Amino acid sequence: MTRALPIAPPEPSGRAPRRSSRRATAHPLAGALFVLPFFLVVVAFLVVPLGFAFWLSLSSKSLARGTRFSGVDNYVRAFTDPLLLDGVVRVVLFGVVQIPIMLGVALAGALAIDAVGTRFARVYRLVAFTPYAVPAVLGALMWGFLYSRTFGVFADVPVLFGGQPVDFFSSSLLLVSLGNIVTWAWTGYNTIVLYSALQGVPRETCEAAVIDGASPVQIALRVKVPAIRRAVSLAAIFSVIGTVQFFTEPYVMARFAPQISAGYTPNLYAYNQAFAYSNFHYSAAISFTLGFVVFVVAHVFVVVSRRRGAAS
Amino acid sequence: MPGISRWRRASRRLVPVLAAGGLLAAAACTTGDGAEPGGDGGPVRVSVWAWYPEFAGVVEAFNASHTDVQVDWTNVGTGPDQYAKLKTAFEAGTGAPDVAMVEFQQIPTFVVLDALADMGQYGANEDEHLYAEWAWSQATDGDAVHAIPVDGGPMALMYRKDLFEQHQIPVPTTWAEYAEAAVKIKAADPNAYVASFGSDGGWINGLMWQAGCRPYGYSPAEGRERVTIALTGPECRKVFDLHGDLVQRGLMAQDPFFTADATAALDSGKYWTWAAAGWTPGYVAGSLTRTAGRWAVAPMPQWTAGGDEQGDWGGSTFTVTKQAKNPGAATTVARELFGTSEAAWDVGLNKAFLHPLVTDVAADPAFIGKSHDFFGGQKVNEIFVPVSEKLGDFQFTPFQDFVFGELNDRSAEAMAGERPWSTVLEETQKNVVAHAEQQGFTVTQ
């Protein structure tokens, strides 16, 4: 947009009224009591397990020689473990392709149902959201059957045109097949998130754009999308985190696809280290390394998108 | 990959559609409270984890025939699902049952985790004479009794008798003839395969066993830190050479076993043979309805004409965990749940279709002489029972999950054309040795 909007939404005042803040500190005990339940849950289910896992990761247990303190050895091993690094490269590659596709489709869908706003939109919202309501395990099993050469409907499509049946579990197509499952499951969810954000865009802004002669497409791309930039970033961050933690679909699909190896994704590798190889200590180190990577990636993403937001 | 493809033990009887239900059921597990001495004169209660089919009847039989000990049974999941829970419980030091079902290849893994009680201290050595020799030797280490054998998986060749006869293909007695049959099958039906290379560590291990390959050696009594890994010997190599060659020439399919695809392929004439185990009659009779009656069983093809080398795929035992509160009572349960109990074996043989490792039960004329409608009335145990008797010594590593995972992952690479078949065993050997040394073992290659 090149011109200032004639009607700007009222800027929320940055300062909170003094009185209310003083009242909050006037009853420290009551405040603490309100916080306590949440605090206890966080300590019991987040801080303590994290601390324990970190403590585990600082020692090593070998099957033959028992447990010993090993400092950062497990982390050195994690950062140089070719199986883990292969898995990291695989999920990064996966995310670079899958996340833009998923969010692109979700954004287009959200803009479409926001623009249409009829009964069709309500039905579409429900239908788009349904895959998210299907548990991931069942979704992956279902797709396992849909991909099957015996039972599936898709494998034989090329045969209709004289081609060869598709092997969705072949090593060249496996990531695409998995990406399709994730996109199927999460696009609707992201559509709803972005659609909700669009509800917060002031109608006046759009009306002003109409008066200025903007076409519906221009309104969508130049008014609405910039207005929900933060929601898009949030959806992107959640998707990045979800991708780094990619587990359920490959875990379930491994029974159909032998190409899914023990270290196919980093999380699968951590699972196998702990529960197949009884290597809980190294598994903890892998998990912490992963957590650290997620933290760094998410943080960089937030900083970059804020800077870009401030620059535009 | 470990943790998943190796869950055949009970899933062998489940159509994979049911797998979803199984996963959900496995999630809703409870932990037994463990044995509690019957303080007020009541019976000792012993918790048991097992996933045998039809196991409820076995538990009932035990509880009906015992007054001092009673079993509380929980099915916490099949194979790897249960092992994951067991390993977690042993790592945590609490939460394990008193008695747990464990497959043969997993016994050293739990021994090295120091998870299993020595039942020898509670008189279990008295049972040695009951069981097939190979099974007893895998379940014990010197005088230490780590496990009580229940069922085994002596291997034999299932084949489509009708199709072999119709196309006048001789039933292979050697692996060379097997490869020739594969060519003839392809010629008879371009969509058919001799079999599938099923990505199952236990299966390929059985084939290696049958080839005379003895790749592992481990005896904690002789040296807790010493392990032998020798996967690249000619006996092991020839199994991969033959099957890799068949896969490469498109004569052998690549569907993993126990998937809906593989089951459908068996039932549609896509696969003409399956190197299967003693428990297979029970598994297939339920799932292969269209081809029932058209199959037959032949002894495994031999590597040298006229030979009699045999192998085993699968089989399981009962173990008593170190967390058992009353190891004596738990040992009684492990020994007598099946053991010589006629009621239990009635369920085990006729409903769960186990292949018994109790030699008297296996030698029972009623068992050997039982004709199977699925195999056109053939008395298949006449083939399976001698195989089980013939099985020799075979050992596993204390990290067998890793070994099977490696065999599967490297074979998968070969199937995908990313690795020559000839390097599967070398790479597995290299990675397994590295893993073993990392785990503090001294490795003999």
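Residues numbered from 1 in each chain as written. Chains lettered and ligands numbered in written order. Predicted model: local features only at pLDDT ≥ 70, side-chain atom pairs only at ≥ 80, totals over all residues.

Quick look at the overall build of chain B
The number of helices and strands found in chain B is 19 helices and 15 strands. On the principal axes, the C-alpha backbone points of chain B span a range of 75 × 50 × 40 Å. Evaluated residue by residue, chain B yields a buried proportion of 58% over its 445 residues. Considering only residue pairs separated by 6 or more positions, chain B has 78% of its internal contacts joining residues 24 or more positions apart. (Helix = DSSP H or I, 4+ residues; strand = E, 2+ residues; numbered from the N terminus. Buried ≥ 20, exposed ≤ 12 C-beta atoms within 10 Å, placed from the backbone. Contact = placed C-beta atoms within 7 Å.)

Observations regarding the overall build of chain A
What chain A contains, in helices and strands, is 14 helices and two strands. Principal axes of the C-alpha set define a box for chain A whose edges measure 75 × 75 × 35 Å. Here chain A holds 312 residues, and 34% of them are scored as buried.

What about the interface of chain A and chain B?
Counting from both sides, the interface comprises 31 residues of chain A and, opposite them, 38 residues of chain B. Elements with a minimum of two residues in the side of chain A that touches chain B: α6 (136-147) and α13 (266-275) of chain A. Counting residues per element, the side of chain A that touches chain B draws most heavily on α6(A), which supplies four residues. Tallied by class, residues from the side of chain A that touches chain B come to 19 nonpolar, nine polar and three charged. (Nonpolar A, V, L, I, M, F, W, Y, C, P; charged D, E, K, R; others polar.)

Regarding the sheet that holds strand β15 (residues 442-444) of chain B
All names here are of chain B. On the basis of which strands lie adjacent, the open sheet formed by three strands has the order β8-β9-β15 and mixed pairing. Every other strand in the sheet has two partners, leaving β8 (216-218) and β15 as the edge strands with one partner each. Strand after strand, the sheet turns through a mean of 20° between neighbouring axes, direction not considered. Here strand β9 (residues 226-229) runs beside β15; their pairing, made up of three bridges, is parallel. If you follow T228 over to β15, its bridge partner there is T444. Contacts from helix α19 (residues 424-438) reach β9 and β15, with the element oriented near 175° to β9. (Pairing = 2+ DSSP bridges. Axes fitted to C-alpha atoms, helices over the stretch in contact; angles between N-to-C directions.)

A short note on the domain arrangement of chain B
Residues and elements named next belong to chain B. Its domain assignment divides chain B into domain 1 (8-152 + 315-371) and domain 2 (154-311 + 394-444). Here the C-alpha centre of domain 2 lies 27 Å away from the C-alpha centre of domain 1. Of all the elements in the fold, those that place two or more residues in the side of domain 1 that touches domain 2 are α1 (8-11), α5 (107-112), α6 (133-139) and β6 (148-160). Considering each element in turn, the side of domain 1 that touches domain 2 owes the most residues, four residues, to α5. Per-class residue counts for the side of domain 1 that touches domain 2 are eleven nonpolar, eight polar and five charged. (Domains from an automatic or database assignment.)

As for the nonpolar core
In this structure, L194(A), V58(B), V194(B) and V333(B) are the most contacted members of the largest nonpolar core, which totals 212 residues. Take this core: its biggest share by element is twelve residues, from helix α4 (residues 82-116) of chain A. Both domain 1 (8-152 + 315-371) and domain 2 (154-311 + 394-444) of chain B contribute no fewer than three residues apiece to this core. With residues near it in sequence (within four places) discarded, L194(A) still touches A106(A), L107(A), A110(A), I228(A), A231(A), V232(A) and A235(A). (Core = buried A, V, L, I, M, F, W, Y, C linked by C-beta atoms within 7 Å.)

What to know about helix α14 (residues 342-350) of chain B
Every buried residue of α14(B) is listed here: A344(B), W345(B), V347(B), G348(B) and L349(B). Buried positions along α14(B) lie against α3 (55-65), β14 (355-356), α15 (359-363) and α16 (365-368) of chain B.

A closer look at the pairing of strand β2 (residues 66-69) of chain A
Residue and element names in this part refer to chain A. The pairing of strand β1 (residues 59-62) with β2 spans four bridges and is antiparallel. Bridging from a neighbouring strand, S62 pairs with G66 of β2. Between the antiparallel neighbours β1 and β2 lie three residues.

Here's the deal with helix α12 (residues 280-287) of chain B
Within the span of α12(B), buried status applies to T280(B), P281(B), G282(B), Y283(B) and V284(B). On its buried side, α12(B) packs onto β6 and β11 (273-277) of chain B.

Considering the environment of D212(A)
All names here are of chain A. Mapped onto the elements of the fold, D212 is located in the loop between α9 (203-211) and α10 (216-227). C-beta crowding within 10 Å serves as the criterion here: with 15 such atoms nearby, D212 is assigned to the partly exposed category. The spacing of D212 and R306 is 94 residues in sequence and 29 Å in space, taken between C-alpha atoms.

A look at the environment of A414(B)
Residue and element names in this part refer to chain B. In this structure, A414 sits in helix α18 (residues 400-415). Sequence separation of A414 and M208 is 206 residues, and the distance between their C-alpha atoms is 18 Å. With near-sequence residues (within four places) excluded, A414 lies in contact with G244, R419, P420, W421 and V424.

Considering unusual backbone geometry
Residue and element names in this part refer to chain B. Look at Q168: it is not a glycine, yet its phi comes out positive at around 50°. The residue Q168 is located in the loop between α7 (161-166) and α8 (175-188) in this model. The backbone of S199 sits at a positive phi, close to 50°, despite the residue not being glycine. Along the chain, S199 falls in the loop between β7 (195-196) and α9 (201-210). Judged by C-beta crowding, with 27 C-beta atoms within 10 Å, S199 ranks as buried.

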